[in-house]
Amino acid sequence: MKPIHKSAKLANVLYDVRGPIVDAAKQMEDEGQKIIKLNIGNLAPFGFQPPEEIVQDMIRNLPDSAGYSDSKGIFSARKAVMHYTQEQGIEGVTIDDIYLGNGASDLIGMAANALLSEGDEMLVPAPDYPLWTAVASLSGGKPVHYLCDEANGWMPNLDDIRAKVTSRTKAIVVINPNNPTGALYSNELLLGIIEIAREHNLVIMADEVYDKVLYDGVKHTALASLATDVLTLTFNSLSKAYRSCGFRAGWMVISGDKESARDYIEGINMLANIKLGSNVPGQYAIQTALGGYQSIHDLVKEGGRLRRQRDLAYELISAIPGVSCVKPQAALYMFPRLDPKMYPIQDDRQFFMEVLRATRVMLVQGSGFNYPDNQHFRIVFLPHEDDLREAIGRLAKFLEQYRARHAKSASVVQIAAKKEAARA
């Protein structure tokens, strides 16, 4: 029979956070092996529970959740989001500018589909959260990656962004706080990005899902609060700060120059109507979450569980010879680098597949975040401290053995070269 092929739009789509290495890990688990998972920011399996008042509010409202909501979401939740934007200093947001979705991911796809025509370009950071590259491609557009500078704390390179703007560029994606690096951007940098968007009439898509997962007393600034004349779409959710990944409750806020974007907003409304609405029980959690006690602060403050685990993971990974890491200021991740002189890796996916099989520790390679080398990987520091010690200890032992093998191979090559030179 004639084979049935996948869509060509999937050519630039990858999601190795749940890719081949995860498939291999599942097979190993089916065989009875215990895997330590440092690959995905799913909080519940590590004992991070949502606030009890959120759960209770969802339970109380279940009898009223069987029908479709308004296509943009229930009024009470959207009003709570509107108040939150006011607290952030974002001006001019009304109830009509707020859309609820099945997590931020759902709304990111909707926003990209409404904006991009065939061949249009969207600027996406490298490294990125790979959903952004995927939605650009699936929308018929082209993801163009701008570099974030590891030597400068993983800050976006403004010159590189400017150099990559073309006549087909429609939007720029800003992930702040950043996944996978844990970087937090300064107001000065955000204003620089806004200026580029202003100059080239670009839509800014601000992914701010980790805006409350902050360490060491740093402060997050909502990008949309810094400009009223540039169209900005801000994405957020309950998944991380409220440990509610499975509730699939997210929101999108449109702010800035909405007048010139009326046609685009009409397109967003069309897609929202087609979708009919998002998960209603999850929507009922939003008002309670945003208005209630912010228990995330207890987790990230000095002595809090997330803060302790971040510090421990950073300390352990930085102690491995040939491994360097920018200490994350936010989020749940860090993005270490392997020195290529000590770890000459040709295929990072294959390398971390080998790590999994040898150590039973699951990590995601840097190319899974669209970063153009084979020397990086992402660590999720959600496991308890004992598990982090065990996992990073296993990785350290594997890397020690790898260095020894490489040094031996290099010595053999050098001896062979000397012999060949002597014969000549």
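None of these values were measured; they are calculated from a predicted model.

**Some remarks on unusual backbone geometry**
Part 1 of the reasoning: For the bond from A126 to P127, the omega torsion is 5 degrees, close enough to zero to count as cis.
Part 2 of the reasoning: Considering the arrangement of structural elements, one finds P127 in the loop between β3 (121-126) and α5 (131-138).
Part 3 of the reasoning: The omega torsion across N176 and P177 is -5 degrees, close enough to zero to call that bond cis.
Part 4 of the reasoning: The residue W154 is not glycine, and still its phi comes out positive at about 65 degrees.
Part 5 of the reasoning: Of note, W154 is situated in the loop between β4 (142-149) and β5 (155-156).
Part 6 of the reasoning: Not every positive phi belongs to a glycine, and R248 is a case in point at roughly 50 degrees.
Part 7 of the reasoning: Along the polypeptide, R248 turns up in the loop between β8 (232-237) and β9 (250-255).

**So, the pattern of salt bridges**
Two side chains with opposite charge may pair up if their charged atoms get near one another.
Part 1 of the reasoning: Summed over all chains, the structure comprises 23 salt bridges.
Part 2 of the reasoning: Residue K37 is joined to E29 by a salt bridge in which the shortest nitrogen-to-oxygen separation is 3.2 Å.
Part 3 of the reasoning: For K37, a relative accessible area of 32% corresponds to the partly exposed category.
Part 4 of the reasoning: We note a salt bridge from D311 to R310, for which the minimum N-O separation is 2.7 Å.
Part 5 of the reasoning: Exposure remark for D311: the relative accessible area of 26% places this residue in the partly exposed category.
Part 6 of the reasoning: What makes R310 buried here is its relative accessible area of 0%.
Part 7 of the reasoning: By sharing partners, the salt bridges in this structure join D216, R307, R310, D311 and K327 into a single network.

Criteria and cut-off values
Residues numbered from 1 in each chain as written. Predicted model: local features only at pLDDT ≥ 70, side-chain atom pairs only at ≥ 80, totals over all residues. Heavy atoms only, no water. Helix = DSSP H or I, 4+ residues; strand = E, 2+ residues; numbered from the N terminus. Salt bridge = Lys/Arg side-chain N within 4 Å of Asp/Glu carboxyl O. Buried < 20%, exposed > 50% of the residue type's maximum accessible area, 1.4 Å probe, protein only.

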